[in-house]
Amino acid sequence: NDSLRLGGNGLTVHAMQGYSTEGAIGVWVGPDRFFWAGDYIQGDATSPYARDVAESIRAFGLNPVKVGAQHVPLLDGPDFMRRFPSMRPQ
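The notes below deal with the structure included here. (Residues numbered from 1 in each chain as written. Predicted model: local features only at pLDDT ≥ 70, side-chain atom pairs only at ≥ 80, totals over all residues. Heavy atoms only, no water.)

Applying the stated criterion across every chain, the model contains two aromatic pairs. For the pair Phe35 and Phe60, a centre-to-centre distance of 6.5 Å together with 35 degrees between the ring planes defines the contact as tilted. Of this pair, Phe35 sits in strand E4 (residues 34-40) while Phe60 is found in the loop between helix H1 (48-59) and strand E5 (66-70), placing the two residues 25 residues apart along the sequence. With respect to class, Phe35 is no different from Phe60; both count as buried. Ring plane angle 50 degrees and centroid distance 5.0 Å describe the contact between Phe80 and Phe84, whose orientation is recorded as tilted. Of the two residues, Phe80 and Phe84, neither departs from the other in class, the shared state being buried. (Phe/Tyr/Trp six-rings, centres within 6.5 Å; stacked < 30°, edge-to-face > 60°. Helix = DSSP H or I, 4+ residues; strand = E, 2+ residues; numbered from the N terminus. Buried < 20%, exposed > 50% of the residue type's maximum accessible area, 1.4 Å probe, protein only.)

Spelled out as structure tokens, the structure:
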């Protein structure tokens, strides 16, 4: 539950948050507003992993233009975030 800044603060490695992402890391490439999930994101809107990736992105205060992961094509960040609305109480 910590982060590590690398490359002159251009990269930030985050410990992902959520039950299905436990032990996974995500990397924020700040200059490109790109978030790489350290595991795969299933495209199904009921996917617990994808939902936890979206919740982690929100918790880190990020606004990605693109989201990437293993085994899936590059995703549009705003579209990905809309597909997985926050489950946290407002």
